[in-house]
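Structure assessment
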Amino acid sequence: MKPNSTLPGVLAAACVASCCFNNLAHAHFGHEDDLGITNSPTHSAASKLSPAAAQANLKHAIAAASAGQNTPPLLFDPKALVKPITEMTGILSDGSKATVYKIVVRSLPPDHETGPWSPVTIKDQGGYWEDTVDKKIHRVDGDYLRLLNTRGWDMFDADGTVHRTRNRTEFDKVARQELGGWTFAQAKSNGVVNSVIELKPVEQIVTLFLPKNPKAAASPTMLRQARFSPRSGVGISLNGVRFFPPEPVNRITAFHNLAPLDPHGGHTGFGHEYHYHRAPSVMENDASGKIVGFALDGFAIRGPTEPDGSQPKNLDAINGHDHDGLGYHYHVSSSWPYILGGFKGPLGTAALGDAEVCDATRQTGGGPPGGGGGRGGNPRPGPPGGGPPPRN
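For every chain, the first residue of its written sequence is number 1, and the numbers climb from 1 along that sequence. Local features are withheld for residues below a pLDDT of 70 in this predicted model, meaning they are given only at 70 or higher, and side-chain atom pairs are given and counted only at 80 or more; totals for whole chains, interfaces and linings count all residues. Working from all heavy atoms in the structure, the side-chain values ignore hydrogens and water.

Right, let's talk about the side chain of Thr207 for a bit. Mapping Thr207 onto the fold places it in strand E6 (residues 205-211). Burial here depends on accessible area, computed with a 1.4 Å probe over protein chains only, as a share of the maximum for the residue type. Under 20% is buried, over 50% is exposed, and the range in between is partly exposed. Thr207 sits in the buried class, given a relative accessible area of 0%. Within polar-contact distance, the side chain of Thr207 engages the backbone oxygen of Gly353 at 2.5 Å. Numbering of helices and strands runs from the N terminus; a helix is a DSSP stretch of H or I covering at least four residues, while a strand is a stretch of E covering at least two. Here a polar contact is taken to be a pair of N or O atoms separated by no more than 3.5 Å, where protein atoms must pair a possible hydrogen donor with a possible acceptor and residues adjacent in sequence count only if both atoms sit in side chains.

Here it is in C-alpha cells:
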C-alpha cells in the first residue's frame, strides 16, 4: 500500500456544525516498511513506470495544468454528479467573496462496492485496521481477532460468530458512547463493546462549494485548528466520496471496538454516510500521480506519487507543494495525515441536499465528522437523546 491545479447526510446529530480539530493527534498508520504491513491489500511498492511512460505522464500533467484542464467540470466522474457543475458567488471561511464551483454529488461511489468491514465468522475476512499496540495494519480476520482476545478482548462467540453491530440502532449506540464520553463500564452495560463496528451506508445528496481560483492564505491552517462543515470533510474524491480526517483510533478502541476500513479506504460514519480515511489510489498502489480529488480550499489532491512515478519531494507541513508548473497541490499517502495535514487557503463549505447558498463563515460549535478527529480525540456531545447512558 503505497497508497494544478485548482479545485476544479445527515451527519447524525452527533455532529451537525463545524468541526474544530484542536485535539487531532497523529494516528500513526504509517508506511508499511515502518510498521510491517500484515495481510493488507496490495502492499507492494507502487508499480514502476517505464522511463518513457514516466516522462510522458509528467509532460501530459504539465500541459493539462497550463491549459486549465484540471478543473472539476472536466475531471469529476459524471456518474457521481446529480447535476452539472456550475459556478456562483460564495463566501469563503475568511469572509471573502469568491467564485465557487457548486458540486452536487451522490455520496456512494459509482465505481466500486463498499465493504467488507466485519467478518461474519472467524473463518471470513473483513476490512483493514491499524493495531494500536504493534502499529501494524491487519486484515480483520480470525487470526487478528484471536490476537485481540489474548489482550482481554472478547470478539467472537464459542462457535466463531464475530461480535459486530448488526443494525442502525446498535451502530448509533456507538456514536452516543464515543461522543458522549461514556466509560467502558457504562458502554458495557448500555452500549456496544468488544465488537466490529459496521453499517451499510446510505446514499445522501451533498452540495460542496469549492473555490474556483484557490488562493494561498498568509499561512496554512493546520488540521487541528481548521473549522469546517462536518458534511464536507477535508475534501472530495473525483467519484463524489468525501475525504475525512484520520479516524480516532484510541477513542474507538477504548471500548474494545474496531471500525475497519474497506479495501478502498472507506467506511460508514456516524451520519450513516460513506467516506474515505485513506485514498483509493494509496490502497491500490497507483503510480500515475493523477489528480484524485480536491481539498476544501480548492487546491488539487494528487495520488501518492508524482506523474512520473517518483515519490513527492519537499512537501510542506500540510502535505503539499508546487513544482514543474503543476500549481500547488496536495499528495495523499500511506502515512499520517493520509489525505492532507491542513489547508493552504480559505475554505469553501458543504450542505446536505441541493443547496443554494455558500457561506463558509456560518459554522458554529461542533465536533469531528463521522467519528473523525484523530488518535486520542476528545469526546464530543452525543446525538439527540444521547449524552450520558441511561440509568439502571
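Looking now at the sheet that holds strand E12 (residues 274-276). Between any two strands, at least two bridges found by DSSP are needed for them to pair. The eight strands are arranged E11-E12-E10-E9-E13-E14-E16-E15 in an open sheet whose pairing can be described as mixed. Edge strands, defined here as strands with exactly one partner in the open sheet, are strand E11 (266-268) and strand E15 (320-321). Bridging between strand E9 (residues 235-237) and strand E13 (residues 291-295) involves three bridges; their strand directions are antiparallel. Counted as the bridge partner of Ile236 is Phe294 from E13.

Buried Ala, Val, Leu, Ile, Met, Phe, Trp, Tyr and Cys residues form a nonpolar core when they are joined through side-chain atoms within 4.5 Å. Among the nonpolar cores identified, the biggest contains 41 residues, and Ile301, Tyr330, Ile339, Leu340 and Phe343 are the most heavily contacted of them. When residues of this core are traced back to their parent elements, those giving at least two are strand E3 (97-106), E6, E12, E13 and strand E14 (300-302). Top contributing element to this core by residue count: E13, with four residues. Formed by 23 residues, the second largest nonpolar core is a distinct cluster that contains Ala175, Leu179, Ile197 and Ile252.

On to the pairing of strand E2 (residues 86-91). In terms of strand pairing, E2 meets E3 through six bridges, oriented antiparallel. What sits directly across from Met88, in E3, is Val100. The hairpin formed by E2 and E3 contains five residues between the paired strands, and Gly95 there has a positive phi angle of roughly 90 degrees.

Let us look at the pattern of salt bridges. We define a salt bridge as a contact between a side-chain nitrogen of Lys or Arg and a carboxyl oxygen of Asp or Glu at a distance within 4 Å. Scanning the model with the defined rule gives 12 salt bridges in all. With its nearest N and O atoms 3.3 Å apart, the salt bridge here joins Glu356 to Lys102. Taken together, the positions of Glu356 in the segment after strand E18 (349-352) and Lys102 in strand E3 put the pair 254 residues apart, joining distant regions of the chain. Since its relative accessible area comes to 6%, Lys102 is described here as buried. When the shortest N-O distance is used, the salt bridge between Arg251 and Glu178 registers 3.0 Å.

Moving on, we come to the environment of His138. Considering the arrangement of structural elements, one finds His138 in strand E5 (residues 137-141). Measuring from C-alpha to C-alpha, the distance between His138 and Tyr128 comes to 5.6 Å, with 10 residues separating the pair along the chain. In this structure the side chain of His138 is engaged in a polar contact, spanning 2.8 Å, whose partner is the side chain of Asp134.

Mapped onto the secondary structure, Gly342 falls in strand E17 (residues 342-343). Given a relative accessible area of 0%, Gly342 falls into the buried group. The spatial distance from the C-alpha of Gly342 to the C-alpha of Met222 is 4.1 Å, given a sequence separation of 120 residues. If sequence neighbours within four positions are ignored, Gly342 has contacts with Thr221, Met222, Leu223, Ile318 and Tyr330. Two residues qualify as a contact provided that any one of their heavy atoms is within 4.5 Å of a heavy atom in the partner residue.

Limitation: the analysis is restricted to geometry and does not speak to function.
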